[in-house]
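Report on the structure
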Amino acid sequence: MHNGVSSFNHFIHELSVDSDTSSLDYSSGEEDSDGPPPASPSSQCSRLSWASASAKSEGHWSEWITFILWWLILPLRILLWVPQYFLRLFFKRSSRTPASPRRSQHRPRFSKTNSSKYHDVPNRATDRRRGVVEDLHLAIEICIEAIFDFFHKATHLLLSPSEAIAIMLSWFSPSSHRRKEKHGHVSDDETVQTATLGDGDPSLTERPARLYNTMNTDTRTCQDVITELGYPYEAIRVVTSDGYVLLLERIPRRDARKAVYLQHGILDSSMGWVSNGVVGSPAFAAYDQGYDVFLGNFRGLVSREHVNKNISSKEYWRYSINEHGTEDIPAMIEKIHEIKTSELNLSQPNNTDEDINEEEPYKLCAVCHSLGGAAILMYVITRKIKEKPHRLSRLILLSPAGFHEDSNLGFTLVEYIFLFVSPVLSRLVPAFYIPTRFFRMLLNKLALDFHNYPALGGLVQTLMSYVVGGDSSNWVGVLGLPHYNMNDMPAVSFRVAQHLAQIKHTGKFRMFDYGSRRGNVEVYGSPEPLDLGESYSFIDVPVDLVAGKKDKVIRPSMVRKHYKVMREGGVDVSFNEFEYAHLDFTFSHREELLAYVMSRLLLVEPTSVEQRQMSQKVMKLKKKKKEGTVV
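Only a predicted model underlies this, so the values are computations on that prediction, with no experimental measurement involved.

1. Here we look at the overall build of the protein
Within the protein one finds 23 helices and 12 strands. Looking at the 631 residues of the protein, the share that counts as buried comes to 44%. Sequence separation of 24 or more characterises 76% of the internal contacts of the protein that already satisfy a separation of 6 or more. A total accessible area of about 34300 Å² is found for the protein, and carbon and sulfur atoms account for 58% of it.

Right, here's the structure in full:
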């Protein structure tokens, strides 16, 4: 379509005009016998180009030789020109307004500073991206227009042979190429001047025109979401003891004496805590309540960040939930402790092992979802066993993993498949993720199609719900989040999946089983892995457990089992249930849940300066007494 007229009608109209003018030229030549017929502009141009070419060829034999060579490579030039022509036509038209009726009306684009704070991450109301269906629609229209344009030009050249000869000579004449360079030829790689509405500087800025700009996929990060909404942001690079590079993100409130650490679950990232805009996201709610907010990210991104740049894929993905709880979380929480003590000017470089029980100058609470809940429990227990401080004041666990024997048939089948084929499959498939940029881009575009076409989205939602046992989470919406993009995405290592299968099969929340007595003895000092459920008595901070009545991934009965075992171990624990599915705890706007989480966080009061000074005096007195007894 062009200005409301179809490509076919436009082609017929132009063809009729061209044929009429060409027939008039021929008929006038037959009727007017007194003189030569008036030459058309095209014929004059063709004679001039032919004359100039012949004149130059007479004086320069080198140009004749070049001219003959151009004719010899005619088939090769045609083969190269045809695909280039269609590619240029496709990307030129796709970079302009799409021809589909859905996109025919231009909508205003606003600057980031004027955007509303009350929107979700996808922000479909102003989303101008195209899905796979729209891309196919656009490609079909472009191909049809290209075919009509080809036949239109071919017919026009057949009716105007002089112009056709002139064009063919211009293709293969070296002088015409020099003429193009002299008049200036715009290359595909030149920069394009652009200006953005709402920029402070109204002058134009140059942006290189790249191929991936036409793919228009959503590649925003957690940083983009936070800064778009006007909140401060800080990225912290954390390196674990085994060399993995983690991203600890922060919404900083540097003078705050209360902090919260948010840890995501499986196949998720920090994006889950900010995906519902200002009103519905736990991260923004905690910041608005005066907390210094830290967003943790587990190892396991497709980008494979590691201090060893040459690490193999097999080596990188060789980790289980053990490493999440004993490597990732300790590294991030120690980094938080280092930052907070430094900013509050309360660093104590002469701290000794006797100061382990000294009260921290700040209060750090942890809010964890799904796999993050299991990992934080493992962290607290193992730190207490090693007699090291965990620096946490309260745990709020949203549908935590750990017990999984009560599950649907689908999970049970996956469990037995993993346990049966794991010795062979672990060597072939080190992790589960989308390996190439193209297929990750395809997933991103398909997620947009699921939203734009409700029938398709409803079908996918139903299928996903059946796969996970009827869980009513917004699976289609989660697939559309930008952390599943063409550049990167969270993945699951084979050992993490195998670890979950082991937990489900044994009915115990325990650490990874290496499959042999020797392997377990080397790691744990015993032939069997450490049973974390039996070690709940080491948990010395209050724990709040939250279950979803509609959760079919981690059922409420399994969260109640956590509660029962903790009560038996003497843990200060509470239990609550909401009418939520598994992903509703992070990816849905739930005011009731946010109010509950904030009420539990507010139970932890930061240590006042007077209390801290008093505790320091007590510790000094204890040191003096110990020194006196030693002497």
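Let us keep going from here.
2. A few points about the pattern of salt bridges
Scanning all chains against the criterion turns up 25 salt bridges. Residues Glu-334 and Arg-383 are paired through a salt bridge, measuring 3.3 Å at the closest nitrogen-oxygen approach. Of the two residues, Glu-334 is situated in helix α12 (residues 321-343) and Arg-383 in helix α13 (residues 371-385); the sequence distance between them amounts to 49 residues. Accessibility expressed as a relative area gives 24% for Glu-334, which makes it partly exposed. Owing to a relative accessible area of 12%, Arg-383 belongs among the buried residues under this scheme. Because the salt bridges share partners, they merge into one network encompassing Glu-234, Arg-250, Arg-254, Asp-292, Lys-340 and Glu-343.

3. Looking at the environment of Gly-272
Counting through the fold element by element, Gly-272 comes out in the loop between β5 (258-263) and α9 (277-280). Considered as a pair, Gly-272 and Leu-262 are 10 residues apart in the sequence and their alpha carbons are 9.9 Å apart. When neighbours within four sequence positions are excluded, Gly-272 is seen to be in contact with Thr-586 and Phe-587.

4. Quick word on unusual backbone geometry
Here Glu-387, not a glycine, exhibits a phi torsion of approximately 60°, which is positive. With respect to the helices and strands, Glu-387 occurs in the loop between α13 and β8 (394-398). When its relative accessible area of 64% is taken as the criterion, Glu-387 is described as exposed. Even without being glycine, Ser-399 reaches a positive phi, approximately 45°. Within the element layout of this structure, Ser-399 appears in the loop between β8 and α14 (409-428). A relative accessible area of 0% places Ser-399 in the buried class.

5. Examining the environment of Thr-221
Mapped onto the elements, Thr-221 comes out in the loop between β2 (205-208) and α8 (222-228). Thr-221 sits in the partly exposed class, given a relative accessible area of 37%. Sequence separation between Thr-221 and Asp-488 is 267 residues, and the spatial gap between their C-alpha atoms is 9.9 Å.

6. Topic: the sheet that holds strand β12 (residues 573-578)
Judged by pairing direction, the sheet is mixed, and its 8 strands sit side by side in the order β3-β4-β6-β5-β7-β8-β11-β12 without closing on themselves. The sheet is open, and its two edges are formed by β3 (234-239) and β12, each paired on a single side. Sheet twist, expressed as the average angle between the axes of neighbouring strands with direction ignored, equals 20°. Bridge analysis of β5 against strand β7 (residues 363-369) gives 6 bridges, and the strand direction is parallel. Bridged to Gln-263 within β7 is Cys-368. Helix-sheet contacts for α12 involve β3, β4 (245-251), β5, β6 (292-296) and β7, and the interaxial angle to β4 is about 45°. Lying over the sheet, α13 contacts β5, β7 and β8, oriented at roughly 135° with respect to β7.

7. Some words on empty space enclosed by the protein
The final tally for this structure, using the stated rule, is 3 cavities of 30 Å³ or more. Estimated volume of the largest cavity: approximately 40 Å³. Looking at which element gives the most residues to the lining of the largest cavity, the answer is helix α22 (residues 591-601), with 3 residues. Its residues placed into classes, the lining of the largest cavity shows 8 nonpolar, no polar and no charged.

8. Some thoughts on the side chain of Asn-276
Structurally, the position occupied by Asn-276 is in the loop between β5 and α9. In this structure Asn-276 comes out as buried when scored by relative accessible area, which is 8%. Only 3.5 Å separates the side chain of Asn-276 from the backbone oxygen of Gly-280, close enough to count as a polar contact.

9. Let's talk about the nonpolar core
Among the nonpolar cores identified, the biggest contains 64 residues, and Tyr-261, Ile-376, Leu-395 and Ile-539 are the most heavily contacted of them. Residue contributions to this core peak at 9 residues, all from α13. Not counting chain neighbours up to four residues away, the residues in contact with Leu-395 comprise Ala-366, Ile-376, Leu-377, Val-380, Val-541, Pro-542, Val-543 and Asp-544. With 36 residues, the next largest nonpolar core counts Ala-283, Tyr-291, Ile-396 and Val-597 among its residues.

10. With respect to the packing of helix α15 (residues 437-452) against helix α16 (residues 454-467)
At their nearest, the axes of α15 and α16 sit 5 Å apart, and the two run at 110° to each other. Taken together, the axes of α15 and α16 lie roughly perpendicular to each other. Taken together, the residues of α16 that come into contact with α15 (itself represented by Asp-449, Phe-450, His-451 and Asn-452) are Pro-454, Leu-456, Gly-457 and Val-460. Class assignment for the residues of the contact of α15 with α16 results in 4 nonpolar, 3 polar and 1 charged.

11. Re the packing of α12 against α13
Two elements in contact, α12 and α13, have axes separated by 8 Å at closest approach and are oriented at 75°. It follows that α12 is roughly perpendicular to α13 by the angle criterion. Touching Ile-321, Asn-322, His-324, Gly-325, Thr-326, Ile-329, Pro-330, Ile-333 and Glu-334 of α12 are Leu-371, Ala-375, Ile-376, Met-378, Tyr-379, Thr-382 and Arg-383, all from α13. Taken together, the residues of the contact of α12 with α13 break down into 9 nonpolar, 5 polar and 2 charged.

12. A look at the pairing of β7
The element β7 is largely enclosed, with a buried count of 7 among its 7 residues. Of the two faces of β7, the one holding Lys-363, Cys-365, Val-367 and His-369 and the one holding Leu-364, Ala-366 and Cys-368 are both buried throughout. With 5 bridges joining them, β7 and β8 adopt parallel strand pairing. By the bridge assignment, His-369 is partnered in β8 with Leu-398. Once the chain exits β7 it traverses α13 before rejoining the sheet at β8, and the crossover so formed is right-handed.

13. Remarks on the packing of aromatic side chains
Counted under the stated rule, the structure contains 19 aromatic pairs. Between Tyr-244 and Tyr-316, the aromatic rings sit 5.0 Å apart at their centres with planes inclined by 50°, giving tilted as the arrangement. Taken as a pair, Tyr-244 in the loop between β3 and β4 and Tyr-316 in helix α11 (residues 313-316) lie far apart in primary sequence, 72 residues in all. The pair formed by Tyr-244 and Tyr-316 is uniform in burial state, with each residue classed as buried. An aromatic cluster of at least three residues, connected via ring pairs, comprises Tyr-244, Tyr-316, Trp-317, Tyr-319 and Tyr-433.

Quick notes on the rules
Residues numbered from 1 in each chain as written. Predicted model: local features only at pLDDT ≥ 70, side-chain atom pairs only at ≥ 80, totals over all residues. Heavy atoms only, no water. Helix = DSSP H or I, 4+ residues; strand = E, 2+ residues; numbered from the N terminus. Buried < 20%, exposed > 50% of the residue type's maximum accessible area, 1.4 Å probe, protein only. Contact = heavy atoms within 4.5 Å. Areas by Shrake-Rupley, 256 points an atom, 1.4 Å probe, with all protein chains shown as cover. Salt bridge = Lys/Arg side-chain N within 4 Å of Asp/Glu carboxyl O. Pairing = 2+ DSSP bridges. Axes fitted to C-alpha atoms, helices over the stretch in contact; angles between N-to-C directions. 1 Å grid on protein atoms, 1.4 Å probe; cavity = no way out; pocket = protein on both sides within 12 Å on 5 of 7 lines; lining within 4 Å. Points joined across faces, edges and corners; volume = space filled by probe spheres on them. Nonpolar A, V, L, I, M, F, W, Y, C, P; charged D, E, K, R; others polar. Polar contact = N/O pair within 3.5 Å; in protein donor to acceptor, adjacent residues only side chain to side chain. Core = buried A, V, L, I, M, F, W, Y, C linked by side-chain atoms within 4.5 Å. Parallel < 35°, antiparallel > 145°, perpendicular 65-115°, else oblique. Right-handed = clockwise from strand over helix to strand, strands pointing away. Phe/Tyr/Trp six-rings, centres within 6.5 Å; stacked < 30°, edge-to-face > 60°.

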